[in-house]
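# Geometric and topological summary
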Amino acid sequence: MAMLSSSSRPVASSFLRAKPFKPHRLLLPKPLASFASTSASVLTPPVPRGDSTGDPDPTPTPLFLRPATHPVPSAALASFRRRASALIPPSAPHLHRHLRWLLADAAAPDPSASSSSSSSTLLLRASLDDLEALWRGHVRGRRPFQYVVGNEHWRDLVVAVREGVLIPRPETEAVVDAVKGVDGFAGGWWADLGTGSGAIAVALARELGDGGRVFATDVSDVAVEVARLNVQRYGVQDKVEIRQGSWFEPLEDVKGKLMGVISNPPYIPTEDLPGLQPEVGWHEPKLALDGGRDGLEHLLHLCEGLSSVLKPGGFFIFETNGNTQSEFLVEFISTKWNSSFLDVKAVLDFADIKRFVTGYRR
């Protein structure tokens, strides 16, 4: 819960580690029969597919960051809790945990209220009517809980998120572990392409030493706004530079100077989008999910541009849809750009899925 201090947990050096349950995207690996027909060019990046990025909450500031300006008698809050609990179906006991999280993020004790008073007052960061609307949207509208409270716990961070920005996934945490293992990591320049909430950029920045820097790019106005918020909250403005634009376009001035390129691009095949969980398909930005017919449109574009931005010995890591995409990309890069890259391989995530493709520029 965001109002509580998030406890840092030890990070294992291996990607294969036990993880607590968190809501995550439905991953649908597909046989990719028409790889050869998929094309990408570094000069003509894939056209972003339109989607609604509007936030139904008129106050997009994360709940735990809002001022506590709504005094509410504890009896009224208890009544709200009972009504909210009554909406939870027996098949979804996890919603009781979400309700506790919502109330913890929303409530702050009123210092003027007597602790011995039976009619004590609480200060809330939203009105009871707003909380009720948020809760109904989660339970009945399948709105992701991270959008309801405006944050996600990711590694040792509490990352602000809002509608229009992809919610960081647990499996993506392994990207940070991989990058930290690169020789000279702390002093290098890195690019986080399609940064979304900025979670990866912030996590890396907190590990960088003098001279280290992350250039985080995203084409989405909402993502740029949220990423900047997270960068400022964690005080890493001197390490992270947010740049708006599509993939490599904002990086002209650092071409050939990057130690590494990181990306978790859209990789769900277009035809699989209707089969995603409602929390994902109905609410998360299509811009961050739709990878084109085979799910490879953006991944291939990233592969095309790698050699122009990485310095010799530079590292790259891409997240993929799973085994089939990863195996294809390893073969594709090793065959088409054998003279440019070495040690290209697929890396397992904590669920033993080939989730990442990594390699080095010669």
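All values derive from a computational prediction rather than experimental measurement.

## Overview of the overall build of the protein chain
Of the regular secondary structure elements, the protein chain holds 10 helices and 12 strands. Within the protein chain, residue pairs in contact and separated by at least 24 positions form 74% of the contacts whose partners lie at least 6 positions apart. Of the roughly 15400 Å² that the protein chain leaves accessible, carbon and sulfur atoms contribute 54%.

## Details of the pattern of salt bridges
Per the counting criterion, the structure on display carries 16 salt bridges. Note that Lys354 and Glu327 form a salt bridge whose closest N and O atoms lie 3.0 Å from each other. Of this pair, Lys354 sits in strand E12 (residues 354-361) while Glu327 sits in helix H10 (residues 323-336), placing them 27 residues apart in sequence. Given a relative accessible area of 28%, Lys354 falls into the partly exposed group. Classification of Glu327 as partly exposed rests on a relative accessible area of 42%.

## Regarding the packing of helix H1 (residues 74-86) against helix H3 (residues 128-139)
One can describe the packing of H1 onto H3 by two numbers: an axis separation of 11 Å at closest approach and a directional angle of 15°. With respect to H3, the axis of H1 lies roughly parallel. The handedness of the crossing between H1 and H3 is right-handed. Of the residues in H3, those touching H1 at Ala76, Leu77, Phe80, Arg83 and Ala84 are Leu128, Leu131, Glu132 and Trp135. Grouping the amino acids of the contact of H1 with H3 by side-chain chemistry returns 7 nonpolar, no polar and 2 charged.

## Let's talk about the sheet that holds strand E10 (residues 310-319)
In spatial order, the strands read E8-E7-E6-E9-E10-E12-E11; together these 7 strands make up an open sheet with mixed pairing. Bordering the open sheet on either side are strand E8 (240-244) and strand E11 (341-348), each of which pairs with just one other strand. Mean inter-strand twist for the sheet, computed between neighbouring axes without regard to direction, equals 15°. By the bridge criterion, 5 bridges tie strand E9 (residues 258-263) to E10 in an arrangement that is parallel. Paired with Gly260 across the two strands is Phe315, which belongs to E10. Where helix H5 (residues 173-180) meets the sheet, its contacts fall on strand E6 (189-193), E9, E10 and E12, and the angle it forms with E10 comes to roughly 160°. Seen against the sheet, helix H9 (residues 297-309) touches E6, E9, E10, E11 and E12 and runs at an angle of roughly 165° to E10.

## Re the environment of Trp337
Mapping Trp337 onto the fold places it in the loop between H10 and E11. Owing to a relative accessible area of 13%, Trp337 belongs among the buried residues under this scheme. Remark: the alpha-carbon pair of Trp337 and Ser307, spanning 30 residues in sequence, is separated by 9.2 Å. Excluding anything up to four places from it in sequence, Trp337 contacts Cys303, Glu304 and Phe332.

## Remarks on the packing of aromatic side chains
Summed over all chains, the structure comprises 8 aromatic pairs. When the ring of Phe316 is compared with that of Phe318, the centres are 5.3 Å apart and the planes differ by 40°; the resulting orientation is tilted. Neither Phe316 nor Phe318 differs from the other in exposure class; each is buried. Each ring, one from Phe332 and one from Trp337, has its centre 5.4 Å from the other, and the planes form 90°; the classification is edge-to-face. In textbook terms, an aromatic cluster arises when at least three aromatic residues are bridged by ring pairs, as seen for Phe316, Phe318 and Phe341.

## Some remarks on the nonpolar core
By size, the foremost hydrophobic cluster in this structure holds 36 residues, and its most contacted members are Trp154, Val179, Trp190, Leu204, Val240, Ile262 and Ile317. Secondary structure elements with two or more residues in this core: strand E5 (157-160), H5, helix H6 (199-205), strand E7 (213-218), helix H7 (221-233), E8, E9 and E10. Trp247, Leu296, Leu310 and Phe341 belong to the second largest nonpolar core, which has 34 residues in total.

## Observations concerning the pairing of E8
The pairing of E7 with E8 spans 5 bridges and is classified as parallel. Among the inter-strand pairings, Asp218 is bridged to a residue of E8, identified as Gln244. Between the parallel elements E7 and E8, the chain passes through H7 in a crossover that is right-handed.

## Digging into the environment of Gly322
Its place among the elements puts Gly322 in the loop between E10 and H10. Overall, the relative accessible area of 1% leaves Gly322 in the buried class. With 34 residues separating them along the chain, Gly322 and Phe356 place their C-alpha atoms 7.8 Å apart. Non-local contacts of Gly322, meaning those with residues more than four positions away in its chain, are made with Ile353, Lys354 and Arg355.

Cut-offs applied
- Residues numbered from 1 in each chain as written.
- Predicted model: local features only at pLDDT ≥ 70, side-chain atom pairs only at ≥ 80, totals over all residues.
- Heavy atoms only, no water.
- Helix = DSSP H or I, 4+ residues; strand = E, 2+ residues; numbered from the N terminus.
- Contact = heavy atoms within 4.5 Å.
- Areas by Shrake-Rupley, 256 points an atom, 1.4 Å probe, with all protein chains shown as cover.
- Salt bridge = Lys/Arg side-chain N within 4 Å of Asp/Glu carboxyl O.
- Buried < 20%, exposed > 50% of the residue type's maximum accessible area, 1.4 Å probe, protein only.
- Axes fitted to C-alpha atoms, helices over the stretch in contact; angles between N-to-C directions.
- Parallel < 35°, antiparallel > 145°, perpendicular 65-115°, else oblique.
- Left-handed = near helix turned anticlockwise from the far one by under 90°.
- Nonpolar A, V, L, I, M, F, W, Y, C, P; charged D, E, K, R; others polar.
- Pairing = 2+ DSSP bridges.
- Phe/Tyr/Trp six-rings, centres within 6.5 Å; stacked < 30°, edge-to-face > 60°.
- Core = buried A, V, L, I, M, F, W, Y, C linked by side-chain atoms within 4.5 Å.
- Right-handed = clockwise from strand over helix to strand, strands pointing away.

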